Amino acid sequence: MARPPPRLATTNTEPGTATGSFGSSDRSSGRGGTEHGNRSNEQSDGVSIVEDGISNTGRARVLAASKQREASSMHGRIEAEDAGAGGAEAGNVVTVDDQMEGKKHDREASDVVHVLLTADMGQGEEDGSNALLQPQHPALNTTGRMTADMLRGQKHWDASSVDSVCSKTNADSLMKHFAPTLGIHIGDISYAQGYASQWDNFYTQLEPLASHIPWMMASGNHERDFPGSGDRFGVVQDSGGECGVPHEKRAIMPIQGLDQPWYSFNWGPIHFTMFSTEHATGHSSPQYKWLEADLKGVDRRITPWVILNGHRPMYVSSTNKIEPDGEQPVAEALRNDLEQLILDTQVDLVLAGHHHTYQRTCPLAWGRCQEGPMPADQQQRAPIYVIIGHGGKEISLNLQIPPPPTLVKSAIYWGYARMVATPDVLRMDIISDLDGSLQDSFTLKSRLAPSST
């Protein structure tokens, strides 16, 4: 008999304590954004990947692709592909056969979790119009492909396939049977900015997903920031006067209280901590005190993976140094406030959006790669920082040239992330929303996993 998907254990009162569970979410959302960018080495599939340099034709390809998308949306017309990411395997994908060979794993189904992740997605109009002169039509493709992932995964969710997947110790096999039961949206959700009809349009777009799986969100600048409203900046008008109210009322998350949009929950072997980069994070702030208690209270025997999610990135390739809310000054402030806590509590991944690109760093501590770009055994001693801000808003084209030495991979095309995790292994694939091809992939081995022999 098929085992059910894992329950959502939230920690909205006492950090580290399960206080409730959610089934399917009502309608939910999440997005984030800024205007930036980057050019890069081109691949024949139309996906621009940036590693060591940036080509002069990247901008033209992105803009041309954007116009093509505006003319023809794929939303509702994306056919389910064969299981898997599609496209060639990325060169840095690491299987775990050697690490895990010979080890027996008699798991419950909840020990293998499959998650969809995005940020800065927004919403597009089915008729091709540009509401508020803010083109977000790629959001339709992103939502359509994630919905196809979910529907395809439901076909695999029977007793035989679940038992087969749970017996696998190879991350490639786990991803091949991708069957998402959770969505994560790290800020900048609908880009409504004061226009309520845009929230309605966003939730109509998201409904095929959020009516079937929980859709958990973090707050971004376009949900929260407005002068005099109590955000960390005091002068930014990105929410259009919403000040976080429509987001909190429409997407009921297990937050700490009114205008305290931070919370955490367990999902199988992962502890997700959601915090607000739009509120104060200094050591005397309520949010920092909560974060400290939450991260220090994680029982790694129950949730060996800890993932911290906040809208604005702590490490980013960007030329935006404008005070007070440019990417670089905010990233520096967040590092000053939080990086020591992140290192002390051995956070595995820090996920963000805001910059409308995909970016992945090496394992980082205080701006230095700790074990090279890709550690041989994948047991990093420091967290990897990942930006998935390419969910649907216009692509950012302001990446640094040359890129920072800590940047392992970046992409300047729209897409989203798939994640699979067991107590021992976590893999994250970045998927192009144009054709479902693989933009990037990396696999990590848990710090608590048995060492290979």
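Owing to the predicted nature of the structure, the values given are computational and were not obtained by experimental measurement. (Residues numbered from 1 in each chain as written. Predicted model: local features only at pLDDT ≥ 70, side-chain atom pairs only at ≥ 80, totals over all residues. Heavy atoms only, no water.)

**Q** Can you walk me through the overall build of the protein in this structure?
**A** Secondary structure assignment for the protein yields ten helices and 18 strands. Here the protein, with 453 residues, has 60% of them falling under the buried criterion. A sequence separation of at least 24 residues applies to 75% of the contacts in the protein between residues at least 6 apart. Of the roughly 16,900 Å² that the protein leaves accessible, carbon and sulfur atoms contribute 50%. (Helix = DSSP H or I, 4+ residues; strand = E, 2+ residues; numbered from the N terminus. Buried < 20%, exposed > 50% of the residue type's maximum accessible area, 1.4 Å probe, protein only. Contact = heavy atoms within 4.5 Å. Areas by Shrake-Rupley, 256 points an atom, 1.4 Å probe, with all protein chains shown as cover.)

**Q** Looking at this structure, I do not really get the environment of Leu351. What am I missing?
**A** Turning to its location among the elements, Leu351 is positioned in strand β10 (residues 349-352). As a C-alpha pair, Leu351 and Asn309 span 42 residues in sequence and 4.9 Å in three-dimensional space. If sequence neighbours within four positions are ignored, Leu351 has contacts with Leu117, Ile186, Ile307, Leu308, Asn309, Gly310, Val386, Met419 and Met428.

**Q** Sorry, what's going on with the state of the cysteines here?
**A** Note on terminology: a disulfide is the covalent bond linking the sulfur atoms of two cysteines. What the rule picks out here adds up to one disulfide. A sulfur-sulfur distance of 1.9 Å marks the disulfide that ties Cys362 to Cys369. On the sign convention where negative is left-handed, the bridge of Cys362 and Cys369, at about -85° about the S-S bond, is left-handed. A relative accessible area of 32% places Cys369 in the partly exposed class. (Disulfide = S-S within 2.5 Å.)

**Q** Looking at this structure, how should I read the pattern of salt bridges?
**A** Where side chains of opposite charge bring their charged atoms close, a pairing between them can arise. In this structure the tally under the stated criterion is 13 salt bridges. We note a salt bridge from Asp149 to Arg152, for which the minimum N-O separation is 2.5 Å. Of this pair, Asp149 and Arg152 both sit in helix α3 (residues 138-156), three residues apart, which is roughly one turn of that helix. Each member of the pair, Asp149 together with Arg152, is buried. Note that Arg360 and Asp440 form a salt bridge whose closest N and O atoms lie 2.8 Å from each other. Note that Arg360 is positioned in strand β11 (residues 358-361) and Asp440 in strand β18 (residues 438-445), a separation of 80 residues in sequence. Given a relative accessible area of 0%, Asp440 falls into the buried group. Connected through shared salt-bridge partners, Asp149, Arg152 and Arg418 make up one network. (Salt bridge = Lys/Arg side-chain N within 4 Å of Asp/Glu carboxyl O.)

**Q** Explain the packing of aromatic side chains here, please?
**A** Aromatic rings in a pair are described by how distant their centres are and how their planes are angled relative to each other. What the rule picks out here adds up to six aromatic pairs. Summarising the aromatic geometry, the rings of Phe265 and Phe272 are spaced 5.2 Å apart at their centres and angled 25° between planes, so their arrangement reads as stacked. Measuring from centroid to centroid gives 4.8 Å for Tyr315 and Tyr385, while their planes differ by 65°, and the two rings are edge-to-face. Remark: Tyr385 occurs in strand β14 (residues 384-388) and Tyr315 occurs in the loop between β9 (305-309) and α10 (327-344); sequence separation between them is 70 residues. A network of ring pairs unites the aromatic residues Trp199, Phe202 and Tyr203 as a single cluster. Here the basic side chain of Arg335 rests over the ring of Tyr315, its NZ or CZ set 4.9 Å away from the ring centre. Sitting over the ring of Tyr191, Lys393 keeps its end group 5.1 Å from the ring centre. (Phe/Tyr/Trp six-rings, centres within 6.5 Å; stacked < 30°, edge-to-face > 60°. Lys NZ or Arg CZ within 6 Å of the ring centre and 35° of its normal.)

**Q** What am I meant to see in the nonpolar core here?
**A** Generally speaking, a soluble globular protein has its nonpolar side chains buried in company with each other. Core analysis: the largest hydrophobic core is formed by 58 residues, its most contacted members being Ile184, Leu349, Ile388, Met419 and Met428. Sort the elements by how many residues they give to this core and helix α6 (residues 196-210) lands first, with six residues. Those residues within four positions of Ile184 in sequence are excluded, and the remaining contacts are Val115, Leu116, Leu117, Thr118, Met216, Phe265, Phe272, Met274 and Asn309. (Core = buried A, V, L, I, M, F, W, Y, C linked by side-chain atoms within 4.5 Å.)

**Q** How should I be thinking about unusual backbone geometry in this particular structure?
**A** Note: most peptide bonds trans; most residues except glycine with negative phi. Cis geometry is adopted by the peptide bond preceding Pro324, which originates at Glu323 and carries an omega value of 0°. Along the chain, Pro324 falls in the loop between β9 and α10. Backbone geometry places Cys243, a non-glycine residue, at a positive phi of 55°. Tracing the chain through its elements places Cys243 in the loop between α7 (221-224) and α8 (245-250). The phi angle at His354 is positive, at roughly 75°, despite the residue not being glycine. Examined against the element boundaries, His354 turns out to sit in the loop between β10 and β11.

**Q** Would you take a moment to explain the pairing of β18 for this structure?
**A** Across a regular strand the side chains alternate sides, sitting on one face of the sheet and then on the other. β18 sits mainly inside the fold: eight of its eight residues count as buried. In the sheet, strand β17 (residues 425-432) pairs with β18 via seven bridges, with the strands oriented antiparallel. Bridging from a neighbouring strand, Val425 pairs with Lys445 of β18. The antiparallel pairing of β17 with β18 creates a hairpin that spans five residues between the two strands, and Gly436 there sits at a positive phi of about 75°. (Pairing = 2+ DSSP bridges.)

**Q** Teacher, can you tell me more about the confidence of the model for the protein here?
**A** As a general rule, the predicted coordinates of low-pLDDT regions are not to be interpreted in detail. For the protein, the average pLDDT comes to 77, and 68% of its residues sit at 70 or higher. In the model, residues 1-9 has pLDDT below 50 throughout and makes 33 contacts with residues more than four positions away in sequence or in other chains. The model gives residues 11-109 a pLDDT under 50, and that stretch makes 297 contacts with residues more than four places away or in other chains. (pLDDT = per-residue confidence, 0-100.)

**Q** Mind showing me how you'd approach the side chain of Gln359 here?
**A** Counting through the fold element by element, Gln359 comes out in strand β11. Of the polar contacts made by the side chain of Gln359, one reaches the backbone nitrogen of Ser317; its length is 2.8 Å. A distance of 3.1 Å separates a polar atom in the side chain of Gln359 from a polar atom in the side chain of Thr357. Other than its neighbours up to four places away in sequence, Gln359 contacts Val316, Ser317, Tyr385, Val386, Ile387, Leu399, Leu407, Lys409 and Ser410. (Polar contact = N/O pair within 3.5 Å; in protein donor to acceptor, adjacent residues only side chain to side chain.)

**Q** Is there a simple way to explain helix α9 (residues 286-296) in this structure?
**A** Residues three or four positions apart in an α-helix share a direction because the helix packs 3.6 residues into each turn. Of the residues making up α9, those classed as buried are Gln287, Tyr288, Trp290, Leu291, Asp294 and Leu295. What you see down the axis of α9 is that its buried residues fit within an arc of 160°, all on one side. Of the exposed residues in α9, those oriented more than 90 degrees away from the buried face are Pro286, Lys289 and Lys296. The elements touched by buried residues of α9 are β7 (263-267), β8 (270-274), β9 and α10. (Arc of directions from axis to C-beta.)

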